[in-house]
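Chain by chain, the residues:
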Amino acid sequence: LNSIQDLIIKNKKETSYDYIVMFAELVRSSLNNSNNDFIPIEEEIEFLEVYLKLEKLRFGEEFNYEIVFNEIEDIFIPSLIIQPFLENALLHGLMHKKGDKKLTIEFKLEKELLCIITDNGVGREEAKRIKERRGVSHESFAMNAIEERLNLLSERFDFDYKFEIEDLYSYDIPKGTQITLSIPFENEYYQD
């Protein structure tokens, strides 16, 4: 909303209108999908695409993202489970990085559906130092909520759905973070 407001102040009416439409689409999609346990993976990817386009407005041309979908079809996944991970990558890793900011989301369907989120941000240790310097000490509500939700899904479907976070380095210099998320899914043909 702040980015859209900035466009309006700068009298970029047409661009601000486009982003207001996108923001409305994001909110509508979020509300619609929050009522469903599982949604088609294509709908989740469309939601993520709109969310990332809006974030690109805020971050500017330095921010680029890629969603690697590998043509996965006919599966349903829990709605709104990936976005909090993207938000964390943006707010904690990429926001503090100077220069090019890159976020990649890759889906792989093996015995389970994996979502691999990679950023080239400042890394968790530096993000923690920045947070401490600013005197911010709150726990991440979104990450706790997602962890709780994955635990509930694990119990419900008798499978260990989880996420792992890996710090990326090049010669002991932080080069970003990678999250591998194991996502429960249902095949389209087994839907009730």
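Residues numbered from 1 in each chain as written. Predicted model: local features only at pLDDT ≥ 70, side-chain atom pairs only at ≥ 80, totals over all residues. Heavy atoms only, no water.

Some remarks on the environment of Phe 157
Here is step 1 of the chain: Residue placement: Phe 157 occurs in helix H6 (residues 141-157).
Here is step 2 of the chain: Here the alpha-carbon distance between Phe 157 and Pro 184, two residues 27 residues apart in the chain, equals 8.1 Å. (Helix = DSSP H or I, 4+ residues; strand = E, 2+ residues; numbered from the N terminus.)

Description of a negative patch on the surface
Here is step 1 of the chain: On the surface, Glu 25, Glu 42, Glu 43, Glu 46, Glu 71 and Glu 73 cluster together to form a negatively charged patch.
Here is step 2 of the chain: Among the elements that make up the negative patch, the one with the highest residue count is helix H3 (residues 41-59) (three residues).
Here is step 3 of the chain: Looking at the element boundaries, Glu 46 is found in helix H3. (Patch = residues over 30% accessible without salt bridge, like charges linked within 9 Å, V, L, I, M, F, W, Y side chains within 5 Å. Areas by Shrake-Rupley, 256 points an atom, 1.4 Å probe, with all protein chains shown as cover. Salt bridge = Lys/Arg side-chain N within 4 Å of Asp/Glu carboxyl O. Lys, Arg positive; Asp, Glu negative; His and termini not counted. Charge placed at Lys NZ, Arg CZ, Asp CG, Glu CD.)

Description of the pattern of salt bridges
Here is step 1 of the chain: Following the criterion strictly, the structure yields four salt bridges and no others.
Here is step 2 of the chain: The shortest N-O distance in the salt bridge between Lys 102 and Glu 66 comes to 3.8 Å. Of the two residues, Lys 102 sits in strand E4 (residues 101-109) while Glu 66 sits in strand E2 (residues 63-68), which places them 36 residues apart along the sequence.
Here is step 3 of the chain: Owing to a relative accessible area of 35%, Lys 102 belongs among the partly exposed residues under this scheme. (Buried < 20%, exposed > 50% of the residue type's maximum accessible area, 1.4 Å probe, protein only.)

Section: the packing of aromatic side chains
Here is step 1 of the chain: In total, this model carries four aromatic pairs according to the counting rule given.
Here is step 2 of the chain: Ring geometry for Phe 69 and Phe 107: centres 6.3 Å apart, planes at 85 degrees, overall edge-to-face. With Phe 69 in the loop between E2 and strand E3 (75-78) and Phe 107 in strand E4, this pair connects stretches of sequence that are 38 residues apart.
Here is step 3 of the chain: The class for Phe 69 is partly exposed, based on a relative accessible area of 23%. (Phe/Tyr/Trp six-rings, centres within 6.5 Å; stacked < 30°, edge-to-face > 60°.)

A word on the sheet that holds E4
Here is step 1 of the chain: Spatially, five strands are ordered E2-E4-E5-E7-E6 in an open sheet, and the strand pairing comes out mixed. Both edges of this open sheet fall to E2 and strand E6 (163-170), since each of them pairs with a single strand only. For this sheet, the mean inter-axis angle between neighbouring strands, taken without regard to orientation, is 15 degrees.
Here is step 2 of the chain: Summarising the sheet, E6 and strand E7 (residues 173-183) pair through eight bridges and their orientation is antiparallel. In the sheet register, Glu 164 faces E7, and the bridge partner there is Thr 180. (Pairing = 2+ DSSP bridges. Axes fitted to C-alpha atoms, helices over the stretch in contact; angles between N-to-C directions.)

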